[in-house]
Amino acid sequence: MTVIVTGASRGIGLSIAESFARRGDRVFATYKNTTHTLPALSESLQKDGFSLTPVFCDVTSEASIKELFEVAGGCDILINNAGIADFNLLSDITEKLWDKIFDTNLKSAFLASREASRYMIAKKWGRIINISSVWGVVGASCEAHYSASKAGLIGFTRALAKELGPSGITVNCIAPGVIETDMNEHLSPADMAALCEETPLGRIGKPSDISHAALFLAEADFITGETLSVGGGFGM
Ligand code: NDP
C-alpha cells in the first residue's frame, strides 16, 4: 500500500513511517527543516528490503502538499502527523502565532486529506489517521491555541468519517499523552517527573506507543470517527 506520513523527520512521525515501511508498505515520509534523518532511515530500510522515500513538504502550503501527492502518485493511508506546539498566555498569543499553529496543525490535515481522498474515493478504500493530542480533548492551560487546533482536528475527523464512510474510508484520531520527543525537550527533569506521576501507567510515552496505535487503526475495518487516547491514562 502507499502510505504518506507528514512530519516524519523526527519523533512520532519518524516512528510511524518506519513501522509502516517495515510492514511492507511503500512509504512517503515528509520533512521540512530536518534533512538528515530520513535519508539515513531510508538507506537502512532499503538494506532490509523495505521502501521509504523522503519528500520535502511544508504542510502549511497548498502547493507543497499537491507536489507531495504528485511525487507519491497515490495514497491508501494518510497520517497527518506534522505539528507544532507553543506555550503562551492568551494575552501573549499574537494573531500571527495563532495562524501559524492552526495552519500547521489543522489546515495541513484539510489540505492533505483533500488530496488523499481523491485517490481513496476512486479505490473505495482508505485510511486517514490524524494525530491530535490529549490537550485537544481536555484543554491545557497556556496552550489555548494548540488545544483549539487539536480539538479542531477531532471535529474534522468526525465530520470526515461521516462524509467518507460510504466510500470505504475510515477517518480516526490518535490523541497522544506525553511522549518523549523534541516537542517536550524544553521540559525540566522535574516537570517530566511530575507528568510521569500524573500518568496512571507511570511512565512517559515512547513514539513507538503511537506507531502501534497507528498500525492498529490502519488495520481496523469497522472503527471510524474515533479518538483513541494513547497516553497511559494521562489527562483522563
Ligand atoms: P516533533 O517536534 O518531534 O516533530 C515535529 C515534526 O513536524 C517534525 O518532523 C517537523 O519537521 C514537522 N513539522 C513541523 N512544522 C512543519 C511544517 N510546517 N511542514 C512540514 N512539517 C512540519 O513532534 P512530535 O513527534 O512530538 O509530534 C508529532 C505530532 O504529535 C504533532 O502533531 C504533535 O502535536 C502531536 N503530539 C505530540 C505529543 C508529545 O508529547 N510529543 C503529545 C500530543 C500530541 P522538520 O523537523 O523537518 O521541520
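On a predicted model such as this, the values are computed, not experimentally measured, just so you know. (Residues numbered from 1 in each chain as written. Predicted model: local features only at pLDDT ≥ 70, side-chain atom pairs only at ≥ 80, totals over all residues. Heavy atoms only, no water.)

Description of the site of the ligand
- As a matter of local geometry, the ligand sits amid 32 residues, with Ser 9, Thr 34, Asn 81, Tyr 146 and Thr 181 nearest to it.
- In the model, a nitrogen atom of the ligand is placed 2.9 Å from a nitrogen or oxygen of the Val 59 main chain.
- One nitrogen or oxygen atom from the main chain of Asn 81 is found 2.7 Å from an oxygen atom belonging to the ligand.
- Here the ligand has 900 Å² of accessible area as a free molecule, and 94% of this is covered by the chains.
- Listed by contribution, the elements that provide at least two residues to the shell around the ligand are helix H1 (11–22) and helix H6 (144–164).
- Here the shell around the ligand is composed, by residue class, of 13 nonpolar, 14 polar and 5 charged. (Near = heavy atom within 4 Å. Polar contact = N/O pair within 3.5 Å; in protein donor to acceptor, adjacent residues only side chain to side chain. Areas by Shrake-Rupley, 256 points an atom, 1.4 Å probe, with all protein chains shown as cover. Helix = DSSP H or I, 4+ residues; strand = E, 2+ residues; numbered from the N terminus. Nonpolar A, V, L, I, M, F, W, Y, C, P; charged D, E, K, R; others polar.)

Some words on the sheet that holds strand E7 (residues 227–230)
- Ordered in space as E3-E2-E1-E4-E5-E6-E7, the 7 strands form an open sheet in which the pairing is parallel. Each of the sheet's edge strands pairs with one partner strand only, and the pair in question is strand E3 (51–56) and E7. On average, each strand axis in the sheet is inclined to that of its neighbour by 20°, with strand direction left out of account.
- With 6 bridges joining them, strand E5 (residues 126–131) and strand E6 (residues 169–176) adopt parallel strand pairing. In the sheet register, Arg 127 faces E6, and the bridge partner there is Thr 170. (Pairing = 2+ DSSP bridges. Axes fitted to C-alpha atoms, helices over the stretch in contact; angles between N-to-C directions.)

Topic: the side chain of Thr 6
- Structurally, Thr 6 can be placed in the loop between strand E1 (2–5) and H1.
- Setting aside anything within four residues of it in sequence, one finds Thr 6 in contact with Thr 30, Val 59, Ile 79, Asn 80, Asn 81 and Ala 82. (Contact = heavy atoms within 4.5 Å.)

Some details on unusual backbone geometry
- With a phi angle near 55°, Lys 124 is a residue other than glycine that sits in the positive phi range.
- Note on Lys 124: relative accessible area 54%, which makes it exposed.
- Even without being a glycine, Cys 142 presents a positive backbone phi close to 65°.
- Its location among the elements puts Cys 142 in the loop between helix H5 (134–138) and H6. (Buried < 20%, exposed > 50% of the residue type's maximum accessible area, 1.4 Å probe, protein only.)

Points about helix H2 (residues 37–47)
- Along H2, the residues that are buried comprise Thr 37, Leu 38, Leu 41, Ser 42 and Leu 45. One side of H2 holds all its buried residues, which, seen down the axis, span an arc of 125°. For H2, the exposed residues set more than 90 degrees away from the buried face come down to Gln 46 and Lys 47.
- Buried residues along H2 sit in contact with H1, strand E2 (26–31) and E3.
- Just beyond H2, the residue with positive phi is Gly 49, at close to 90°. (Arc of directions from axis to C-beta.)

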